[in-house]
Amino acid sequence: MASKAIFSTIRRSLTKPRGGAVSRGHHLSTSAATASESYAGDEHAIVMKGVRISGRPLYLDMQSTTPLDPRVFDAMNASSIYDYGNPHSRTHLYGWEAENAVEVARIQVAKLIGASPKEIVFLSGATEANNTVVKGVMHFYKDKKRHVITTQTEHKCVLDSCRHLQQEGFEVTYLPVKTDGLVDLEMLRDSIRPDTGLVSVMAVNNEIGVVQPMEEIGRICKEHKIPFHTDAAQAIGKIPVDVEKWNVSFMSMSGHKIYGPKGVGAMYVRRRPRVRLEPLMNGGGQERGLRSGTLATQQVVGFGVACELAMKEMEYDEKWIKRLQERLLNGVREKLDGVVVNGSLESRYAGNLNLSFAYVEGESLLMGLKEVAVSSGSACTSASLEPSYVLRALGVDEDMAHTSIRFGIGRFTTEEEIDKAVELTVKQVDKLREMSPLYEMVKDGIDIKNIQWSQH
Amino acid sequence: SSYFLTTFQIKVDDSSHITDSRFKTFGCGASIAASSVTSEWVKGETVSEVLTINNTANAKHLRLPPVKLHCSVLTEDAIKKKKAIADAAVA
C-alpha cells in the first residue's frame, strides 16, 4: 500500500504542469484525489481550449502513450549529463562511455524479447521500424517477391507503408479478422503465394487490445519460409514475447508504450536464418548499416531501463492491471446495460478495455468525460469522419462503432482512478441516454435496426 | 459517414404559434448543440416561419467548424420534415 502511495505521489509531482497555460497557485492533484471534496473549489479549475475542468483528468489512455517511469527518468537524467559523447566515436573515452551505455541498453532490450543483442537496431520508434521493415524487405527482394500479407487491423503506419508499396506495383492482401478481432489462420494459409515476401501481423492491437495467435502464425510462416514481421509496440513488457517461440524475423518496438521515453524504438532483425532488408536511412553505416545516424544515447538508455523494468515487473503489473480491468468492467456493467466489449475478452491484453455503450455517441460521451483522459473509435473524433477502421473490420454495427471508448490501464493506475472513471462514465452515459431518441425507441420496443438513415 | 438522429416535439397553440419544444439527440457534441439551439429558437415562431428556417444562422451562432457543418444541416432537415410540423400545419 505504501509503495503504491509513493508511486502515485511521485507520478503526481512529476506530472505537475509546466508552461504558462495553467495556473499554478496550488499543487494540482488529479481528480481522483479531489474525489472526496466537492467540485466547488474554483481555484483548482483548469481552463484550456475553451473547456473548464475541475482538476487534471485521470489518465486512462495508456495505449496512446505512457508516463515516464521515475526510475527510467533517473537513468536518462544521469545519462544526458554524463554520456554526452557520440557513441560512434571510436577514438576517445567519451565515445567509449556512450557506446557502453548503448550496448547495455541493447542487452536489456534483447533480453526482454529473447533475442541476441546483435539483432537489435535502435531507431526513432515503432513507426520507423514498421516503415523500415515493410518497405525495406520488399525493396530488397523486389525481383522475386511481389506480395505482402497483412491484416485490416494493423497500425496506420503499416497500412500506409503497404499502400505505398501498392503504388510502387507490389500486391498486398489485407486479411480480414473475425468478430473477436483475431486473424483466421486458414485464410492466412490460403493467401500465401509463391511470391509472398512478408507477413506482417501485430501482436497486440492498439485499439482493441486483442492478442493474435502468434505461435500459430509463426509456424505457418516457417512452413512456407516467409519472413514474419510483427509490430509488437503494445506487446513488449506486457505479455511474454519470445522471438524464437513466435518464429519472427522482424519485430518493431516502441519506447513510450512501456513507460520509457518518446522518440526511441527498436527493430529486431533476425540473424539466423538471415533476412535482408534495405535501410531507410543511408549514411555512415551505424546500427549494422540498417539505420545510419547518431544514436540519442539518453533515449536509448531510457528505453533499455524501461525494458529491464518491464521484464522484472511484468508478472506483477499483469496481476494489478487485470484486477483493475475487472473492477472497471464490473463497475460499469453493474450500473449500465448495453455495454459491449469490443474484441475477444479471452485473448486480450488486460490493460486495454474498449467498450461500446449502445445508444450513445462516442464523441459526445468523450466531451462529457473531460475529467477522464480516454480515447474513442468514433467517427467524429477522427479527422476524416470515418469510424475506426479496426472496429469496422470487427464487423461492429455502424451505430455501435460510433459509440466506443478505449480505457487504457497501466502500471501506475490506482483503484481510486478506476472507481472515479466508473462513476463519471456511468453518469455521462445515463445523461446521454436520457437525451437519446434511440434509447427511447428501444425502451418502447422499436427495432432500431429498421431505421432508415438518410445520406448527407 | 457519421450518424446523427434527432427528434423534435413541439407544442402548438391555436394561432399556430409554437409554445414549447423539446428535443432528443443521438449524435456528436456539435449535433446535440445544433438541435438544442434549434429547439430554443423555434419557441415563439409560427409553424410556417419554421418551415423557412435556414441552417446557416444556427451554424454561425455555434461557430461550427467546417467538418461539423452537416450537423446544422441535418438539424434543419429534421425540424422541417418533422411530422409534428406537418400535422400542425394541417390542423
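Note that the coordinates shown come from a computational prediction; the quantities given were computed from them, not determined experimentally.

Before going further, it helps to examine the sheet that holds strand β9 (residues 250–254) of chain A. Hydrogen bonds between backbone atoms are what pair the strands of a sheet, whose relative direction is either parallel or antiparallel. Residues and elements named next belong to chain A. Spatial strand order, β4-β10-β9-β8-β7-β5-β6: seven strands in an open sheet with mixed pairing. Each of the sheet's edge strands pairs with one partner strand only, and the pair in question is β4 (120–123) and β6 (171–175). Strand-to-strand twist across the sheet, computed as the mean angle between neighbouring axes with direction ignored, equals 20 degrees. Here five bridges tie β9 to strand β10 (residues 265–269), and the two strands are oriented antiparallel to one another. Opposite M251, over in β10, you have Y268 as the bridge partner.

For the rest of this paragraph, the subject is the sheet that holds strand β11 (residues 339–341) of chain A. Residues and elements named next belong to chain A. Reading across the sheet, the four strands line up as β11-β12-β15-β14 and stay open at both edges, with antiparallel pairing between neighbours. Edge positions in the open sheet fall to β11 and β14 (375–376), since each of these has one partner strand only. Relative to strand β15 (residues 404–408), β14 runs antiparallel, the two sharing two bridges. Its bridge partner being in β15, S376 is matched across the sheet by I405. Contacts from helix α9 (residues 297–335) reach β11, β12 (352–357) and β15 within the one sheet, and its direction differs from that of β12 by about 10 degrees.

Overall, the coordinates contain five aromatic pairs over all chains when judged by the stated rule. The aromatic ring of A:F170 is capped on one face by A:R146, whose charged end is 4.2 Å from the ring centroid.

Residue and element names in this part refer to chain A. As assigned here, chain A comprises domain 1 (70–309) and domain 2 (314–441). In this structure, domain 1 and domain 2 have C-alpha centres spaced 29 Å apart. Between domain 1 and domain 2 lies a buried interface of about 2100 Å² when both sides are counted; carbon and sulfur atoms form 57% of it. Broken down residue by residue, the surface that domain 1 buries against domain 2 is led by E207, I208 and Y259, which jointly contribute 33%. Linking domain 1 to domain 2 there are zero salt bridges. Seen at the junction of domain 1 and domain 2, the total is 12 residue pairs in polar contact (both at pLDDT 80 or more). Of all elements in the fold, only α2 (70–82) and α5 (156–167) reach the threshold of two or more residues within the side of domain 1 that touches domain 2. For the side of domain 1 that touches domain 2, a count of residues per class yields 13 nonpolar, nine polar and seven charged.

Residue and element names in this part refer to chain A. Counting through the fold element by element, H88 comes out in the loop between α2 and α3 (93–113). Considered as a pair, H88 and L295 are 207 residues apart in the sequence and their alpha carbons are 8.2 Å apart. For H88, the residues in contact, after removing those within four places along its chain, are Q286, G293, T294 and L295. A polar contact is formed between the side chain of H88 and the backbone nitrogen of L295, at a distance of 3.2 Å.

Our focus in this paragraph is empty space enclosed by the protein. All names here are of chain A. In total, this model carries two cavities of 30 Å³ or more according to the counting rule given. What the largest cavity holds in volume is close to 80 Å³. In this structure, the largest cavity is lined by G237, K238, I258, Y259, A310, M314, D317, E318, I321, Y349 and R411. Split by residue class, the lining of the largest cavity holds six nonpolar, one polar and four charged. Considering only enclosed or pocket space, the second largest cavity measures out at about 40 Å³ in volume. The class makeup of the residues in the lining of the second largest cavity is five nonpolar, four polar and one charged.

Turning next to the pairing of strand β8 (residues 228–231) of chain A. All names here are of chain A. In β8, alternate side chains face the same way, and those of F228 and T230 on one face and H229 and D231 on the other are all buried. As paired strands, strand β7 (residues 196–200) and β8 are joined by two bridges and run parallel to one another. Within β8, the position partnered with V199 by the bridge is F228. With helix α7 (residues 214–223) bridging β7 and the parallel β8, this β-α-β connection has right-handed handedness. Looking at chain direction, β8 and β9 are connected through three bridges and run parallel. Bridged to T230 within β9 is M251.

Definitions and cut-offs
Residues numbered from 1 in each chain as written. Chains lettered and ligands numbered in written order. Predicted model: local features only at pLDDT ≥ 70, side-chain atom pairs only at ≥ 80, totals over all residues. Heavy atoms only, no water. Pairing = 2+ DSSP bridges. Helix = DSSP H or I, 4+ residues; strand = E, 2+ residues; numbered from the N terminus. Axes fitted to C-alpha atoms, helices over the stretch in contact; angles between N-to-C directions. Contact = heavy atoms within 4.5 Å. Phe/Tyr/Trp six-rings, centres within 6.5 Å; stacked < 30°, edge-to-face > 60°. Lys NZ or Arg CZ within 6 Å of the ring centre and 35° of its normal. Domains from an automatic or database assignment. Buried area = accessible area lost by both parts, 1.4 Å probe. Salt bridge = Lys/Arg side-chain N within 4 Å of Asp/Glu carboxyl O. Polar contact = N/O pair within 3.5 Å; in protein donor to acceptor, adjacent residues only side chain to side chain. Nonpolar A, V, L, I, M, F, W, Y, C, P; charged D, E, K, R; others polar. 1 Å grid on protein atoms, 1.4 Å probe; cavity = no way out; pocket = protein on both sides within 12 Å on 5 of 7 lines; lining within 4 Å. Points joined across faces, edges and corners; volume = space filled by probe spheres on them. Buried < 20%, exposed > 50% of the residue type's maximum accessible area, 1.4 Å probe, protein only. Right-handed = clockwise from strand over helix to strand, strands pointing away.

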